[in-house]
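Chain and residue survey
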Amino acid sequence: MIGKLNHVAIVVPDLPAATALYRDTLGAAVSQPVDLPPHGVTVVFVTLPNTKIELLHPFGEKSPIAGFLEKNPSGGIHHICYEVDDILAARDRMKEQGARVLGDGEPKIGAHDKPVLFLHPKDFCGTLVELEQA
Ligand SMILES: C[C@H](C(=O)O)C(=O)SCCNC(=O)CCNC(=O)[C@H](O)C(C)(C)COP(=O)(O)OP(=O)(O)OC[C@H]1O[C@@H](n2cnc3c(N)ncnc32)[C@H](O)[C@@H]1OP(=O)(O)O
Ligand SMILES: [Co+2]
């Protein structure tokens, strides 16, 4: 069911420093920071030839990544995002398989203006999984 790897997200304590690291040290193409209030994150997109990296920093008071940053003060890999053809069919399949769909189970519009859902890390080998409608 899952298709392409859409992105790997890395939570970082210092977004300008992480952006400079990817741009200047690793030589990658990076975007300007974008605030996504409904998701409680600010994101910088790093474009690679075959996928994307998202550098995430908490935005606002109730960010879902605040706890992760407290536990991992230097930052760390936070989630991976796979593309799916039909997000609602994917959600129903996950529920049937006994995997926990996070939030209210309804897709939100994600960073790429497409519907996304998150799956509990404890149900996926300790990795938070995001599904994005292709
Ligand atoms: C918009 C953009 C996009 O691309 O479109 C995004 O991605 S936005 C990306 C930001 N949005 C999201 O992450 C939304 C979905 N996330 C969530 O609902 C939540 O963050 C969550 C349920 C994964 C974790 O919630 P929480 O931090 O309050 O929970 P806890 O701290 O109690 O964590 C419960 C257990 O899960 C583990 N845990 C928590 N976060 C992660 C993670 N990212 N990867 C792997 N394990 C994790 C904890 O270590 C703990 O394990 P133990 O008990 O063993 O210590
Ligand atoms: Co993401």
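For the protein chain, the name recorded in an unreviewed UniProt entry is methylmalonyl-CoA epimerase, with Azospirillum lipoferum as its organism.

1. Looking at helix α1 (residues 15-25)
Because each turn of an α-helix spans 3.6 residues, side chains separated by three or four positions in sequence point in the same direction. Within α1, the full set of buried residues consists of L15, A18, T19 and Y22. Looking straight down α1, one finds its buried side chains confined to an arc of 100°; they lie on one side. Residues of α1 that are exposed and angled more than 90 degrees away from the buried face: P16, D24 and T25. The inward-facing, buried residues of α1 abut β1 (5-11), β2 (29-30), β4 (41-47) and β5 (52-58). Its side-chain oxygen 3.0 Å from the backbone nitrogen of A17, D14 forms the N-cap of α1. Two residues or fewer after α1 comes G27, characterised by a positive phi angle close to 70°.

2. Notes on the pattern of salt bridges
Considering all chains together, one arrives at four salt bridges under this definition. In this structure, the salt-bridge partner of R23 is D24, at a minimum N-O distance of 2.9 Å. Taking relative accessible area as the criterion, D24 reaches 53% and is therefore assigned exposed. The closest approach of N and O atoms between R91 and E106, which form a salt bridge, is 3.2 Å. Linking R91 in helix α3 (residues 87-96) with E106 in the loop between α3 and β7 (108-109), this pair joins segments that are 15 residues apart in sequence.

3. Considerations on the site of ligand 1
For ligand 1, the set of nearby residues contains 19 residues, the closest of which are E54, H78, A111, K122 and E130. Within the side chain of K71, a nitrogen or oxygen atom sits 3.1 Å from an oxygen atom of ligand 1. Here an oxygen atom of ligand 1 sits 2.8 Å away from a polar atom, N or O, in the main chain of A111. Taking 1,100 Å² as the accessible area of ligand 1 by itself, protein coverage stands at 67%. Judged by the fraction of its atoms near the pocket grid, ligand 1 is located in the largest pocket. Of all the secondary-structure elements, those providing two or more residues to the shell around ligand 1 are α2 (66-71), β6 (76-84) and β9 (128-133). When grouped by side-chain class, the residues that make up the shell around ligand 1 number nine nonpolar, six polar and four charged.

Rules used throughout
- Residues numbered from 1 in each chain as written.
- Chains lettered and ligands numbered in written order.
- Predicted model: local features only at pLDDT ≥ 70, side-chain atom pairs only at ≥ 80, totals over all residues.
- Heavy atoms only, no water.
- Buried < 20%, exposed > 50% of the residue type's maximum accessible area, 1.4 Å probe, protein only.
- Helix = DSSP H or I, 4+ residues; strand = E, 2+ residues; numbered from the N terminus.
- Arc of directions from axis to C-beta.
- Contact = heavy atoms within 4.5 Å.
- Polar contact = N/O pair within 3.5 Å; in protein donor to acceptor, adjacent residues only side chain to side chain.
- Salt bridge = Lys/Arg side-chain N within 4 Å of Asp/Glu carboxyl O.
- Near = heavy atom within 4 Å.
- Areas by Shrake-Rupley, 256 points an atom, 1.4 Å probe, with all protein chains shown as cover.
- 1 Å grid on protein atoms, 1.4 Å probe; cavity = no way out; pocket = protein on both sides within 12 Å on 5 of 7 lines; lining within 4 Å.
- Sits in = over half its atoms within 2 Å of the grid points.
- Nonpolar A, V, L, I, M, F, W, Y, C, P; charged D, E, K, R; others polar.

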